[in-house]
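What the coordinates show
Letter by letter, the chains look like this.
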Amino acid sequence: MKAIQIRKPNDLRVIDMEKPVTDEKNNVLVKIKAAGICGSDVGIYHGTNAVASYPRVIGHEMVGEVVELRSGTGKLKPGDRVIIDQVINCGHCYACRHNRGNVCQNLQVRGVHVDGGYREYMAVPEKDCYLLPECLSYEDAVMIEPTTIAIQFCSRAELTAEDTLLIYGVGVLGSSILRIARLSGAKIIVTDLVEEKLQRALQNGADFAINGAKENLGERLKEITEDGYGPTVSVDAACTKNSLATLLDVTGNAGRVITMGFSNAPTEVTQMKITTKELDVRGSRLQNKKFQEAIDLIEQGKLDLNGAVSHRFKFTDAQKAFDFVDTKDPSIRKIVLTFD
Ligand code: MN
Ligand code: ZN
């Protein structure tokens, strides 16, 4: 079968690899139908993702059809349409024992530490497969994974209707967060440097948009939050050189600052802001068994992922797709690789 492998940074190959076979543990064979391109896949391609190892078949937003079951529990049958959880954890370390398997000490992420979804078949445990909602095409269903990342953020931030949330950067990740965070009833402020993204965010339910290229973020936040308090939760969905320091600056007392970036580049922050405001600075990584929650939201009609995909490429044209990502074309929302 064919697969897309990043042999080393900036070296993408279409390779032939052996079709996986099921065993006791990986008891379900899935024929991959669509796989999303995520910022972290681009990071692995360019060598800027500090946790990835090479060579690697990348891709962690993968959906497909069950074609074979070895010893299922009855949850799945051949022909079922599924999305595959990317997280593999050990089950016995401190994090796992405290129900935080997404940060397992022995964590293996499909498409990062072990081979992922840019290939024609995958053998995975049945427990890692979730049935897709009827109403979603395979292509749109890849968006369930970014949704779970946003759900994880909301859970790490303990976001409630009482909060004012600042989303710093409203690209693909920030937009996913916006879509889920608005269900909490929190007031939502977005900031970005690109006007087009801000306008789209306003259409998608953001209450305020601040263009960081034209306006002073700190001053605007004082103006638009009650008593100039600032946001009570902020999320770094941009991970730029000064983003963390900025968020420590503008987030209100007793607030939460959530990081989601994977950059290894040093950034300068001072303890003063964290201590005097008693900020909670928390990471939000991947997702912790959030697939069913995302699927439930879709089935309850609270979340519509139809039409979220902006571009499609055949998976053997992955090089073209990644080159297109590098153009940073503003029309890019979600790019999906197709397998049929
Ligand atoms: Mn992703
Ligand atoms: Zn563990």
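**Description of the coordination of the manganese ion (ligand 1)**
Looking at the manganese ion (ligand 1), the protein donor atoms are Cys-38 (SG), His-60 (NE2), Glu-61 (OE) and Glu-145 (OE), and they sit 2.1 to 2.7 Å from it. Written as a sequence motif, the donor arrangement for the manganese ion (ligand 1) is C-x21-H-E-x83-E. On the criterion of sequence distance, the pair formed by Glu-61 in the loop between β4 (56-57) and β5 (62-69) and Glu-145 in helix α4 (residues 144-157) is long-range, its members being 84 residues apart. For the pair shown, Glu-61 and Glu-145 are each scored as buried.

**Some thoughts on the state of the cysteines**
Applying the stated criterion across every chain yields a total of 0 disulfides. We note that Cys-154 lacks a disulfide partner, and the nearest cysteine sulfur, in Cys-38, lies 17 Å from it.

**Quick notes on α4**
Relative to the 20 Å expected for 14 residues at 1.5 Å per residue, α4 spans 20 Å between its end C-alpha atoms, a close match to the ideal helical length. Inspection of α4 places Ile-144, Glu-145, Pro-146, Thr-147, Thr-148, Ile-149, Ala-150, Ile-151, Gln-152, Phe-153, Cys-154 and Ala-157 among the buried residues, and these make up the whole buried set. Taken from the residues just after α4, Glu-158 is the one with a positive phi, measuring 50 degrees.

**Things to note about the packing of α4 against helix α10 (residues 291-299)**
Interaxial distance between α4 and α10 falls to 9 Å at its minimum, and their mutual angle equals 110 degrees. Here α4 is positioned roughly perpendicular relative to α10, judged by the angle of their axes. Contacts from Ile-144, Glu-145, Thr-147, Thr-148 and Ile-151 of α4 reach α10 at Phe-291, Glu-293, Ala-294, Ile-295, Leu-297 and Ile-298. Counted by class, the contact of α4 with α10 contains 7 nonpolar, 2 polar and 2 charged residues.

**Re the nonpolar core**
In terms of nonpolar packing, the biggest core is built from 46 residues, with Ile-144, Phe-153, Leu-165, Ile-167 and Ile-177 touching the most fellow members. Taken together, the elements giving at least two residues each to this core come down to α3 (138-141), α4, β11 (164-168), α5 (172-181), β12 (187-192), α6 (195-203), β14 (233-236) and α10. Here this core takes 7 residues from α4, the largest share from any one element. Ranked by size, the runner-up nonpolar core spans 45 residues in total, among them Ile-6, Val-82, Val-112 and Ala-318.

About the thresholds
- In this convention, every chain numbers its residues from 1, walking through the sequence in written order.
- Whichever chain is written first becomes A and whichever ligand is written first becomes 1, with later ones labelled in order.
- Reporting of local features is limited, given that this is a predicted model, to residues whose pLDDT is at least 70; pairs of side-chain atoms are given and counted only at 80 or more, and all residues count toward the totals for whole chains, interfaces and linings.
- Side-chain descriptors were evaluated using all non-hydrogen atoms of the structure, hydrogens and water having been removed beforehand.
- The rule for donors is simple: an N, O or S atom within 2.8 Å of the metal counts, and for Na, K and Ca the reach is 3.2 Å. Water is not among the atoms, so a site may look short of donors.
- A helix here means a DSSP run of H or I that spans at least four residues, while a strand means a run of E at least two residues long, and both kinds are numbered starting from the N terminus.
- Think of it in three bands: residues with accessible area under 20% of the maximum for their type are buried, residues over 50% are exposed, and the middle band is partly exposed, with areas taken using a 1.4 Å probe on protein chains only.
- Our working definition of a disulfide is a cysteine sulfur pair at a distance within 2.5 Å.
- To estimate the expected span of a helix, subtract one from its residue number and multiply by 1.5 Å.
- Working convention: axes come from line fits to C-alpha atoms, limited for helices to the stretch in contact. Angles between N-to-C directions cover 0 to 180 degrees.
- Our angle categories are set so that under 35 degrees counts as roughly parallel, over 145 as roughly antiparallel, 65 to 115 as roughly perpendicular, and the remainder as oblique.
- Note on contacts: a residue pair is in contact if any heavy atoms of the two residues lie within 4.5 Å.
- Any residue that is not Ala, Val, Leu, Ile, Met, Phe, Trp, Tyr, Cys, Pro, Asp, Glu, Lys or Arg is counted as polar, Gly included; the first ten are nonpolar and the last four charged.
- Among the buried residues, those of types Ala, Val, Leu, Ile, Met, Phe, Trp, Tyr and Cys that are joined through side-chain atoms within 4.5 Å form a nonpolar core.

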